[in-house]
Amino acid sequence: MNSCRHLSILELVPIAPSSISTQQLQQKLLERDFDISTRMLQRDLQSLYDQGCFGLEKDTRSKPYGWSINAQWRGGNAKVMSSEVAEHYLLLEQLLPQSVPSDVKQSVHIKAEHALKRFNGHVPDWLSILPKSSLKVNIDNQLVEQIEHVIKHKRAVSAELYRVLYDEAHWLKFAELSFYNIVDQGGVLMAQFMVGTLHDKCYQMPVYRIRNVHILQKTRREPSAEQLKSLRSAINKGMNQECIELIVKAPKHSAVNQGFIELGEMTDKQSNDEKNVLLTYQTIDTEQLTDELLKCAHWLEVIKPEKLRQRVISKLKAATSNYQ
């Protein structure tokens, strides 16, 4: 999910009884430099509506549909925030990942400070006694039991996996998966598996991104020691959780500028000259990020942070020396 875009959508939707159409909202988003298709905006609105915790309402009595924020949920123009809304903001502040853009964090922090005043400075018991590390995504226990069952009995399955492709989320159907382990990683339950009958890599994915599991009448694939080692190496590479502000210079026609290669959560885009743009991201400093930047090094330049820029330069010098 693009948190910055979703926050802007919620800010632009008026409080009932006023409403706004998708086309009107699309134009207002364009004024905020969010150039998205009508279909993507419809998906965003439906997703926010389905989550049921933003007060978003849809008037389907006539077309185009009207969108509004329930006046009671927002508290209208009242100065006192409702306790329900206050709890939402306090919990949201705890759940925000490090990769969220700084302006979004600041906006949520301001709302959370207002929410804290609603409780006279005392966080509700159920929030104050719950350490952040123990906050988990709600998962389907029946699904977990089903995955544990196929692991125990070494059966292959078909299932749908939640994947983000080119900034759009999809549930993709996989005809054959081989689950072989479930692990708890940082408070999130992860399923480890292989895909199909020929693909050699092992993967892991949060259980809440898996659905519609159907057991097949065939034995699952067993990963080799080398394949398991490769997965552990990939997981360890991603364990570095340092959040950085990445600035790169790229050609305007490049895959990065067009959004086909994502380096993190984009927070700013500025024209550098007639041919190039400066793109700013909030992202996590990992070896995978360095590898991605090296793949693009013949046309993309890392501007900041200096530490990452020097790391790329060092690797490029080492590569150059091999070919002299």
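Scroll up to find the structure.
Residues numbered from 1 in each chain as written. Predicted model: local features only at pLDDT ≥ 70, side-chain atom pairs only at ≥ 80, totals over all residues. Heavy atoms only, no water.

## Digging into the overall build of the chain
So, step 1. Within the chain one finds 11 helices and 11 strands.
So, step 2. A buried classification covers 35% of the 324 residues belonging to the chain.
So, step 3. Within the chain, counting contacts between residues at least 6 apart in sequence, those at least 24 apart form 57% of the total.
So, step 4. Entry remark: accessible area of the chain is about 19700 Å², with carbon and sulfur atoms responsible for 50%. (Helix = DSSP H or I, 4+ residues; strand = E, 2+ residues; numbered from the N terminus. Buried < 20%, exposed > 50% of the residue type's maximum accessible area, 1.4 Å probe, protein only. Contact = heavy atoms within 4.5 Å. Areas by Shrake-Rupley, 256 points an atom, 1.4 Å probe, with all protein chains shown as cover.)

## Overview of helix H8 (residues 141-153)
So, step 1. When the terminal C-alpha atoms of H8 are compared, their 18 Å separation across 13 residues agrees well with the 18 Å that a helix rising 1.5 Å per residue should span.
So, step 2. Restricting attention to buried positions, one finds in H8 the residues Leu143, Val144, Ile147, Val150 and Ile151. Along the long axis of H8, the arc covered by the buried residues comes to 130°, so they all point the same way. Of the exposed residues in H8, the ones pointing more than 90 degrees away from its buried face are Asn141, Gln142, Glu145 and Lys152.
So, step 3. Positive phi shows up at Lys154, right after H8, with a value of about 55°. (Expected span 1.5 Å × (residues − 1). Arc of directions from axis to C-beta.)

## Focus: the environment of Ile247
So, step 1. In this fold, Ile247 is placed in strand E8 (residues 243-251).
So, step 2. For Ile247, a relative accessible area of 14% translates into the label buried.
So, step 3. As for Ile247 and Asp268, which are separated by 21 residues in sequence, their C-alpha atoms are 9.1 Å apart.
So, step 4. Setting aside residues up to four positions removed in sequence, Ile247 forms contacts with Leu279, Thr280, Glu301, Val302, Ile303 and Lys304.

## Some remarks on unusual backbone geometry
So, step 1. Geometrically, the link from Ala16 to Pro17 is a cis peptide bond, its omega value of 15° lying close to zero.
So, step 2. With respect to the helices and strands, the residue Pro17 is situated in the loop between helix H1 (3-12) and helix H2 (22-31).
So, step 3. Here Lys304 and Pro305 are connected by a cis peptide whose omega angle stands at 0°.
So, step 4. Positionally, Pro305 belongs in the loop between strand E11 (301-304) and helix H11 (306-322).

## Let's talk about the environment of Lys275
So, step 1. Topologically, Lys275 is positioned in the loop between strand E9 (265-271) and strand E10 (276-284).
So, step 2. Sequence-wise, Lys275 and His253 are 22 residues apart; in three dimensions their C-alpha atoms are separated by 8.2 Å.
So, step 3. With residues near it in sequence (within four places) discarded, Lys275 still touches Ala250, Pro251 and Lys252.

## Thoughts on the packing of helix H10 (residues 287-295) against H11
So, step 1. Put simply, H10 and H11 touch, their axes get as near as 11 Å, and they point 60° apart. For the element pair H10 / H11, the angle class is oblique. Regarding H10 and H11, the two cross each other, and that crossing is right-handed. Together, Leu289, Thr290, Leu293 and Leu294 of H10 and Leu308, Arg311, Val312, Lys315 and Leu316 of H11 make up the contact between the two elements.
So, step 2. Of the residues assigned to the contact of H10 with H11, the class counts are six nonpolar, one polar and two charged. (Axes fitted to C-alpha atoms, helices over the stretch in contact; angles between N-to-C directions. Parallel < 35°, antiparallel > 145°, perpendicular 65-115°, else oblique. Left-handed = near helix turned anticlockwise from the far one by under 90°. Nonpolar A, V, L, I, M, F, W, Y, C, P; charged D, E, K, R; others polar.)

## Thoughts on the sheet that holds E8
So, step 1. In space, the four strands of this open sheet follow the order E9-E10-E8-E11, with antiparallel pairing throughout. At either margin of the open sheet sits one strand with a lone partner, and together these are E9 and E11. Averaged over all pairs of adjacent strands, the angle between their axes in this sheet comes to 25°, without regard to strand direction.
So, step 2. Bridge count for E9 against E10 is six bridges, and the pairing is antiparallel. Note that in E10 the partner of Lys269 across the bridge is Leu279.
So, step 3. Its contacts with the sheet put H10 on E8, E10 and E11, and the angle it makes with E8 is roughly 10°.
So, step 4. Packing of H11 onto the sheet brings it into contact with E8 and E11, and relative to E11 it is tilted by some 150°. (Pairing = 2+ DSSP bridges.)

## Brief notes about H10
So, step 1. When H10 is considered as a whole, its buried residues turn out to be Leu289, Thr290 and Leu293. Buried residues of H10, seen end-on, are gathered within an arc of 100° and therefore sit on one face of the element.
So, step 2. Contact partners of the buried residues in H10: E8, E10, E11 and H11.

## Quick word on the environment of Leu41
So, step 1. Mapped onto the fold, Leu41 is located in helix H3 (residues 38-51).
So, step 2. The exposure class of Leu41 is buried, given its relative accessible area of 0%.
So, step 3. Note: C-alpha distance between Leu41 and Gln23 (18 residues apart in sequence) is 9.2 Å.
So, step 4. Not counting the four nearest positions on each side in its chain, Leu41 is found in contact with Ile9, Thr22, Leu25, Gln26, Leu29 and Ile36.

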